[in-house]
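Chains, contacts and geometry: an overview
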Amino acid sequence: MPGVTHWQHPRFHAYFPAGNSWPSILGDMLSGAIGCVGFSWAASPACTELETIMLDWIARMIHLPTLFHPFVENGRGGGVLQQSASDCILVCMLTARAWAIRRYKEEHGYEEDGAVLSRMVAYCSKEAHSSVEKAAMICLVKIRILETDENYALRGEVLAEAIKEDRDVGLVPFFVCATLGTTSCCSFDNIAEIGPVCSGEEVWLHVDAAYAGSAFICPEYQYLLNGIEHASSFNMNPNKWMLVNFDCSTMWVKDRDLLTDTLAVDPVYLQHRYSALGNSVKPPLQGAEDLVRYKIVRDRRITKIHSQARALSEAVRVAGQQRCKIRSSVQSDDGLSLLPTESAANKNRNISRQLFLVKI
C-alpha cells in the first residue's frame, strides 16, 4: 500500500513491536459496532466497570503489590486506561505536583503556588523517554536528567546525591520517573535502590514500564519488579508485547484519591445520582466512579484488551523462547557476535542484553 508504513511486516524492525492479534481485531470491531462513548460511569456503566475489573486482572497477572488493587480490604489503588505512556507520565506528574505543593504549604506555611512551582524539580535518567522531559515542560517545573551506570541504569546513590544538592540550594524535589525497558537499549533502572530513596525523601516515584512491562506476566521475569512497592504509580503498554493493537496504555496508582482530587471537574451536565458530590450512594462497583474522573479512554481499548487477556502469558513466553533461539543462532555463527553478557551481580537490576534481541 503506497504511503503506508507496514508495522506488521516481518521485516519491519523500527521503533517497537506492534503486534496485533485476531482477538484484538474482534474487540475493535465489536466496540466500533456498538459505538459507545464511555467518557464516564453514567455514560456507560459497563464500559467503566469492565475497565476497572480488567485492569485488576492485569495487575494480578504482572504481580503488582496489593496496594495498587481496588478490590482489597481498604484498597485505595486502581487502574485506568490511557492513550499512551506519555499521557500516563503527564497525569502522574500533574498529580505529584499538586500533592507536593499541598505538603509544602502544610510544612512551611502559606506561599503562592507560583512561588513553590518555580522551585520544583523532577528527575529521570538520560535513558528515559523524551515524554518525561515534555511532561516537565507542560507542568512548568525543572527537570534533572541524571547519569546512568555501565549498564545504562539509574542508581539510588546518584539520585540521592542529586536530591541533596537541590534541597541545599532551596529547590523542592517532588517526582522521579524510573524506567523498566528504556527506548534506546531496554535497560532497567534500579528501582530496588531508587524506591527507598524516594520513600525516605517523600518524593513521588513513577515507574514507566511501557516497553518491558508485558514481560512481567511471566513469573520468571517478575523479579525485575523488586522495589515496586515504593512506587506511587506504574504504567505499561499492552500495544507492544501483548498483541493488542495501538493505542493502549495501562496505568495504576496506589491512591486514586490523589488523582481525583487533582483532576476532578464536576460540571452539572456530568453529575448523576452516583456522583461523589456529598452523596453517600456509590456505583454498584466500588471504585469505578472514582477512576473515571482521570481516565482518557475509548471503549474500544477495553474491549480489545479484554479479548486478548487470557492468551497473554503464553504469547510473551513464546517471544522469550524465540529470543533464546535467535541468541543461540547468533552464538553459533562466526560472523555475528553478542553484546557482552551481564555478571550475576547485575542480573537482578538489568536484563537489557536478554531482552534486546526480542525488541529488534
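To keep things clear, this report deals only with the structure shown in the data block. Position numbers for residues start from 1 in each chain and track the written sequence from start to end. Whole-chain, interface and lining totals are the exception, using all residues; otherwise, since this is a predicted model, local features are given only for residues with pLDDT of at least 70 and side-chain atom pairs are given and counted only at 80 or more. Based on all heavy atoms of the structure, the side-chain values leave hydrogens and waters out of the count.

1. Describing the packing of helix α3 (residues 85-108) against helix α5 (residues 130-139)
A packed helix pair is summarised by two numbers, namely the angle formed by the two axes and the spacing between the axes. Threshold: Lines fitted to C-alpha atoms define the axes here, with helix axes fitted over just the stretch in contact, and angles between the N-to-C directions of these axes take values from 0 to 180 degrees. Per the convention used, a helix needs a DSSP run of H or I reaching at least four residues, while a strand needs a run of E reaching at least two, with both numbered from the N terminus. Between 65 and 115 degrees an angle is taken as roughly perpendicular, under 35 as roughly parallel, over 145 as roughly antiparallel, and anywhere else as oblique. Left-handed describes a crossing whose near helix is turned anticlockwise from the far helix through less than a right angle; right-handed describes the clockwise counterpart. In this description, contact between two residues means that some pair of their heavy atoms is separated by no more than 4.5 Å.
With their axes 9 Å apart at the nearest point, α3 and α5 run at an angle of 40° to one another. The angle between α3 and α5 falls in the class oblique. You can see that α3 and α5 cross each other, and the crossing is right-handed. Contacts from Ser 86, Ile 89, Leu 90, Met 93, Leu 94 and Arg 97 in α3 reach Ser 131, Val 132, Ala 135, Ala 136, Ile 138 and Cys 139 in α5.

2. Details of the environment of Ile 228
By the element assignment, Ile 228 lies in the loop between β5 (204-209) and β6 (233-236). A C-alpha to C-alpha distance of 7.4 Å links Ile 228 and Ala 192, two positions 36 residues apart in sequence. Sequence-distant contacts of Ile 228, that is, excluding residues within four places in its chain, are made with Leu 64, Pro 65, Phe 68, Ile 191, Val 207 and Phe 234.

3. Some details on the nonpolar core
Heads up, the rule is: Each nonpolar core is a collection of buried residues, namely Ala, Val, Leu, Ile, Met, Phe, Trp, Tyr and Cys, held together in the definition by side-chain atoms within 4.5 Å. Any residue under 20% of the maximum accessible area for its type is buried, any over 50% is exposed, and the rest in between are partly exposed; the area is computed with a 1.4 Å probe on protein chains only.
Ile 62, Leu 159, Phe 216, Phe 234 and Trp 252 are the most contacted members of the largest nonpolar core, which totals 47 residues. Those elements giving two or more residues to this core turn out to be α2 (45-61), β2 (120-125), α6 (156-168), β4 (172-179), α7 (191-201), β5 and β6. Non-local contacts of Phe 234, meaning those with residues more than four positions away in its chain, are made with Ile 62, Leu 64, Phe 68, His 206, Val 207, Ala 209, Phe 216, Leu 225, Ile 228, Thr 250, Met 251 and Trp 252. Val 132, Ala 136, Val 172 and Met 251 belong to the second-largest nonpolar core, a separate cluster that totals 30 residues.

4. A short note on the pattern of salt bridges
Any two side chains of opposite charge can pair if their charged atoms end up close together. Condition: Salt bridge, as applied in this entry: a Lys or Arg side-chain nitrogen positioned within 4 Å of an Asp or Glu carboxyl oxygen.
Applying the stated rule across the entire model yields 13 salt bridges. Asp 257 serves as the salt-bridge partner of Arg 76, at 2.5 Å between the closest nitrogen and oxygen. In this pair, Arg 76 sits in the loop between α2 and β1 (78-82) while Asp 257 sits in helix α8 (residues 256-263), placing the two residues 181 residues apart along the sequence. The exposure class of Arg 76 is partly exposed, given its relative accessible area of 30%. For Asp 257, a relative accessible area of 28% corresponds to the partly exposed category. Among the ionic pairs, Asp 113 bridges to Lys 105, the shortest N-O distance being 2.3 Å. Residue classification places Asp 113 among the partly exposed residues on the basis of a relative accessible area of 38%. When salt bridges with common partners are traced through the structure, they connect Arg 103, Glu 107 and Glu 202 into a single cluster.

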